[in-house]
Amino acid sequence: METLKGTVDHIIFHNDKNGYTVADFDVDGQMVTVVGNFEELKEGEFLKLTGFWKEHQSYGEQFQIESYALDLPTSEEGIIRYLSSGLLPGIGEKTAIEIVNHFGADTLDILDNHPDRLSEVHGIGKKTLDKIKEVYSEQKEIRDVMIQIQEYGISSTYAMKLYKTYQSDTVRVLLDNPYQIIKDVRGIGFKIADQISAQLGFESQNPKRILSGISFCLQDCYSRGNTYMTEKDLIEHSASILGVSREDIEFQLQELALRGDVRLEFIDDEPAYYPSALFEAEDNAALSMVRLAGAVFEMQEVDIPAMIAAYEEDMSIRLDNRQAEAIEAAIENGIAIITGGPGTGKTTIINGIVYIFKRLGMKTVLAAPTGRAAKRITETTGEQAKTIHRLLEYDYSGDDDFPSFNRDEENPLEADAIILDEASMIDIVLLNSLLEAIRPGTRLILVGDADQLPSVGPGNVLQDLIESNVVKVVRLDRIYRQSEESMISINAHAINEGMMPEINNQSDFMFIRTMDPDKVLDTILDLVAWRIPEKKGFDAMKDVQVISPIKKGKLGVISLNKELQEVLNPAADYKKEKTFGTVVFREGDKVMQIKNNYKLKWEDIHGFETGEGVYNGDIGNIIRIDEYNKTFEILLTDDKKVVYEFDQLDELTHAYAMTVHKSQGSEFPVVIMPMVGGPPMFLNRKLLYTAVTRAKKMLMLIGPQNYFYRMVKSGDTNERRTALKQRIKMYGELNV
């Protein structure tokens with residue numbers, strides 16, 4: 001490691017979200033390009049940098065920082081450059097020289113302890129002096145606090161985050177309760193706070209540490225899809241993480257419950273603990289669902305069978321009895337669930353419901369949990385659908401951890417009926433937000449496949465609603481959509497029943513058996529780049545989607561994206577590139593938006609329309625990288641052109657391959673998936689079924705057949721801990 005000291009001359013690039021910065025530093029009169037993460041940087045600051053030199057293929061030699069600290073120069077030349085950098089108001093190079101000529105090596109001591117003496121220098125009047133004193137005093141406070149913090153071994157990045165939050169109180173807050181920073185400082189979690197606590201000398205049995213550690217362990221609910229943890233699991237997990245006794249955990253757990261930070265409930269006569277926010281979401285959602293289910297609309301003046309017949313005649317179709325029942329259920333009930341696998345006619349039913357509500361003069365809105373799912377329902381129905389976030393008017397507070405909506409009980413949605421597609425993907429928190437915004441008298445129709453993977457977030461909403469037996473449910477089990485020759489839907493239903501499907505490599509459902517992971521990879525690359533485009537006529541970029549059950553490893557999404565990029569869009573002199581972290585984005589790359597951005601502007605390339613909103617799961621291609629303006633131009637699959645700033649690249653990832661979860665809500669002409677080994681709690685039947693049902697025209701599975709067999713035979717061993725079903729039953733029995 002080397003150490004440099006210098007003044008920030010020019011900030012070339014700074015990403016506010018992750019702190020990544022490129023800047024020119026004046027180091028003893030020489031310009032040095034410095035790269036790394038800075039929480040905040042100001043031109044003119046003098047810093048001590050620790051790091052190493054590296055060679056960038058396009059920009060030459062750069063200094064990569066590992067840590068930094070505010071410092072002051074020691075030489076007279078350095079002091080002149082520091083004073084004239086623009087950091088202190090009213091001091092240019094000429095005045096800086098005069099100050100140093102007057103005070104010499106004592107200049108900084110004068111600034112620290114006798115700043116009024118600056119008036120001895122020609123050209124510095126009272127007004128300028130007051131501004132200099134104010135700014136320098138602020139800089140001195142930052143330096144002093146940062147020095148104190150870094151003496152405790154706290155990194156420069158976290159030190160600056162802490163100072164920005166607490167300013168002069170930083171050290172006091174840390175010494176009083178370092179775990180307070182988890183709540184107050186964005187981006188700092190328990191593990192970092194615990195490291196800081198240890199450096200400050202806090203003992204492992206400190207009550208503040210245990211309280212914070214229990215809360216941290218309970219947050220596992222969010223990542224595991226649960227809404228609560230049993231008392232036994234929470235105590236064991238917390239004791240293991242914190243390295244303290246069960247008795248210590250039990251005592252502080254009572255304190256957390258008394259403070260209202262967690263909620264103690266008895267589920268199936270067993271004590272369990274909820275994060276307070278998840279308890280409120282689950283309990284409120286259950287109550288709202290019971291009230292919706294209790295609303296029955298007697299449409300005596302409406303001949304529903306006649307209206308269904310009119311829809312059939314206009315569309316030149318014939319509904320079976322179950323499909324007609326689904327439409328009737330949606331019209332007559334406050335809430336109805338329509339569930340079925342691929343090809344069972346869910347879209348046909350949605351169209352029928354919309355058709356009849358229109359005839360009745362009722363306002364219907366359509367929504368889905370993701371942008372891609374909303375786009376698909378728009379395409380299949382011809383009616384505008386929105387994401388749930390957009391429907392509820394997501395509040396752009398800048399805090400993604402705690403989203404809020406403008407639509408709620410006081411400002412409900414103006415609709416007679418709400419149809420929510422891909423309902424298996426909605427989590428309990430988002431469901432509760434939706435239910436809060438539904439006014440009395442509005443119908444809610446949930447449409448989805450209950451056999452697919454549940455939401456990424458906490459809860460098992462669709463399954464719990466169905467099993468509550470309080471909500472009207474219509475199950476569709478007859479396949480219509482695909483041709484009789486298609487084996488995709490037939491085998492998907494077999495997989496869903498836990499039966500080994502019929503595999504015929506002359507059909508659209510194919511399995512290529514190989515035990516060698518290297519051969520699996522080579523086969524995928526060969527199929528995507530050559531065999532499928534040449535022999536089947538599909539476009540490798542537009543029509544073929546590789547899906548993997550895992551993120552890491554040779555056959556995981558991260559590795560597959562790199563390998564597929566090299567065969568589908570290799571580097572070339574005429575293609576510009578931009579490196580972001582470990583990812584190389586290249587002109588021509590297939591990329592995907594990975595978070596909703598409702599403010600990102602787009603333009604239809606045909607010149608018909610402009611608007612705002614790019615959604616999680618939207619796919620496109622990089623058509624231009626503009627280094628001068630620091631922008632990407634991306635053409636989405638629906639012919640919308642979007643311009644991204646370089647500091648928005650954390651919203652993008654390559655899309656040659658994606659996880660099964662990320663593919664949910666979408667369909668692709670051709671799907672290719674490697675078969676990989678792993679624990680059945682993750683690699684199970686639901687995951688396989690969800691992947692298989694993404695394919696419309698061709699599915700290719702590649703790998704060992706025993707992995708395939710295990711997934712087919714593995715039920716949902718990772719059952720989620722939720723109590724929505726029990727709460728709905730309880731409120732239903734109370735007739736609330």
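Computed from a predicted structure; not experimentally measured.

Novice: What's the story with the overall build of the chain in this structure? I'm lost.
Specialist: Tallying secondary structure elements over the chain gives 27 helices and 28 strands in all. Expressed as lengths along the three principal axes of its C-alpha atoms, the size of the chain is roughly 95 × 65 × 55 Å. Residues classed as buried in the chain amount to 52% of the 736 residues present. Long-range contacts, defined as pairs at least 24 residues apart, comprise 66% of the intrachain contacts of the chain with a sequence gap of at least 6. With an accessible surface of roughly 34,100 Å², the chain has 46% of that area assigned to carbon and sulfur atoms.

Novice: Would you mind going over helix α1 (residues 76-83) with me for this structure?
Specialist: Helical geometry: 3.6 residues make up each α-helical turn, so side chains three or four residues apart lie on a common side. All buried positions along α1 are accounted for by Gly78, Ile79, Ile80, Tyr82 and Leu83. If you follow the buried residues of α1, they end up packed against β1 (2-14), β4 (46-56), α2 (93-103), α3 (107-113) and α4 (126-151).

Novice: What is the right way to look at the UniProt feature "binding site: ATP" (unreviewed entry) in the chain in this model?
Specialist: Feature annotation in UniProt assigns "binding site: ATP" (unreviewed entry) to the following positions: Gly343, Thr344, Gly345, Lys346 and Thr347. Here Gly343 shows up in the loop between β9 (335-340) and α16 (346-359). Residue class for Gly343 comes out buried when judged on its relative accessible area of 5%. Along the polypeptide, Thr344 turns up in the loop between β9 and α16. Judged by its relative accessible area of 1%, Thr344 is buried. Among all residues touching Thr344, those that are not within four sequence positions of it are Gln323, Leu476, Asp477, Arg478, Tyr480 and His493. A polar contact is formed between the side chain of Thr344 and the backbone oxygen of Gly341, at a distance of 2.7 Å.

Novice: Hey, could you run me through the packing of aromatic side chains in this one?
Specialist: Geometrically, a pair of aromatic rings is defined through the distance of the ring centres and the angle of the planes. A complete count under the given rule lists 13 aromatic pairs for this structure. Ring geometry for Phe190 and Phe216: centres 5.0 Å apart, planes at 20 degrees, overall stacked. Note that Phe190 is positioned in helix α8 (residues 190-199) and Phe216 in helix α9 (residues 207-218), a separation of 26 residues in sequence. Taken together, the ring pairs in this structure connect Phe25, Phe38 and Tyr68 into an aromatic cluster.

Novice: Sorry if this is basic, but what is going on with the domain arrangement of the chain here?
Specialist: Often the size quoted for an interface is simply the accessible area lost on bringing the parts together. Entries for the chain in the domain assignment read domain 1 (1-150), domain 2 (181-273), domain 3 (279-481) and domain 4 (498-711). A separation of 29 Å is found between the C-alpha centroids of domain 3 and domain 4. At the interface, 26 residues of domain 3 touch 29 residues of domain 4. Each partner contributes to the roughly 2,300 Å² buried at the junction of domain 3 and domain 4, and carbon and sulfur atoms together form 47% of this total. One can count three salt bridges joining domain 3 with domain 4. Note that Arg376 and Glu667 form a salt bridge whose closest N and O atoms lie 3.6 Å from each other. On the surface where domain 3 and domain 4 come into contact, there are 14 residue pairs in polar contact (both at pLDDT 80 or more).

Novice: How do you make sense of the sheet that holds strand β26 (residues 657-659) when you look at a structure like this?
Specialist: The pairing of strands in a sheet happens through backbone hydrogen bonds and is either parallel or antiparallel. Pairing is parallel in the open sheet, where five strands are placed in the order β15-β28-β27-β16-β26. Each edge of the sheet is formed by a strand with only one pairing partner; in this case those strands are β15 (509-513) and β26. Neighbour-to-neighbour, the strand axes of the sheet open up by a mean angle of 25 degrees, direction not taken into account. Here strand β16 (residues 544-548) runs beside β26; their pairing, made up of three bridges, is parallel. Looking at the pairing, Ile547 lines up with Met658 of β26. Across the sheet, helix α23 (residues 557-568) lies against β16, β26 and β27 (668-674), angled at about 170 degrees from β26, the strand it touches most.

Novice: I keep staring at the side chain of Ser212 and nothing clicks. Help me out?
Specialist: Residue placement: Ser212 occurs in helix α9. Assessed through its relative accessible area of 14%, Ser212 is described here as buried. Residues contacting Ser212, with those up to four places away along its chain left out, are Tyr179, Ile182 and Phe190.

Novice: What should I look at first to understand the packing of α8 against α9 in this one?
Specialist: Geometrically, a packed helix pair is captured by the angle between its two axes and the distance between the axes. Viewed as axis vectors pointing N to C, α8 and α9 meet at an angle of 160 degrees, and their least axial separation amounts to 10 Å. The orientation of α8 with respect to α9, classified from their angle, is roughly antiparallel. Crossing handedness for the pair α8 and α9: left-handed. Seen from α8, the contacting residues are Phe190, Lys191 and Asp194; seen from α9, they are Arg209, Ser212, Gly213 and Phe216. Residues of the contact of α8 with α9, tallied by class, amount to two nonpolar, two polar and three charged.

Novice: Mind showing me how you'd approach the sheet that holds strand β23 (residues 631-636) here?
Specialist: Strand order in the open sheet made by the seven strands is β21-β20-β24-β23-β22-β19-β25, with antiparallel pairing throughout. Every other strand in the sheet has two partners, leaving β21 (610-614) and β25 (652-654) as the edge strands with one partner each. Neighbour-to-neighbour, the strand axes of the sheet open up by a mean angle of 45 degrees, direction not taken into account. Note that β23 and strand β24 (residues 640-645) share five bridges and pair antiparallel. When the sheet's bridge partners are listed, Ile634 is paired in β24 with Val642.

Novice: Teacher, can you tell me more about the environment of Arg172 here?
Specialist: Tracing the backbone through its elements, the reader meets Arg172 in helix α6 (residues 170-176). Overall, Arg172 belongs to the exposed group, its relative accessible area being 51%. Residues Arg172 and Asn460, 288 residues apart in the sequence, show an inter-C-alpha distance of 44 Å.

About the thresholds
- Residues numbered from 1 in each chain as written.
- Predicted model: local features only at pLDDT ≥ 70, side-chain atom pairs only at ≥ 80, totals over all residues.
- Heavy atoms only, no water.
- Helix = DSSP H or I, 4+ residues; strand = E, 2+ residues; numbered from the N terminus.
- Buried < 20%, exposed > 50% of the residue type's maximum accessible area, 1.4 Å probe, protein only.
- Contact = heavy atoms within 4.5 Å.
- Areas by Shrake-Rupley, 256 points an atom, 1.4 Å probe, with all protein chains shown as cover.
- UniProt positions renumbered as here; feature names shortened; annotations may be inferred.
- Polar contact = N/O pair within 3.5 Å; in protein donor to acceptor, adjacent residues only side chain to side chain.
- Phe/Tyr/Trp six-rings, centres within 6.5 Å; stacked < 30°, edge-to-face > 60°.
- Domains from an automatic or database assignment.
- Buried area = accessible area lost by both parts, 1.4 Å probe.
- Salt bridge = Lys/Arg side-chain N within 4 Å of Asp/Glu carboxyl O.
- Pairing = 2+ DSSP bridges.
- Axes fitted to C-alpha atoms, helices over the stretch in contact; angles between N-to-C directions.
- Parallel < 35°, antiparallel > 145°, perpendicular 65-115°, else oblique.
- Left-handed = near helix turned anticlockwise from the far one by under 90°.
- Nonpolar A, V, L, I, M, F, W, Y, C, P; charged D, E, K, R; others polar.

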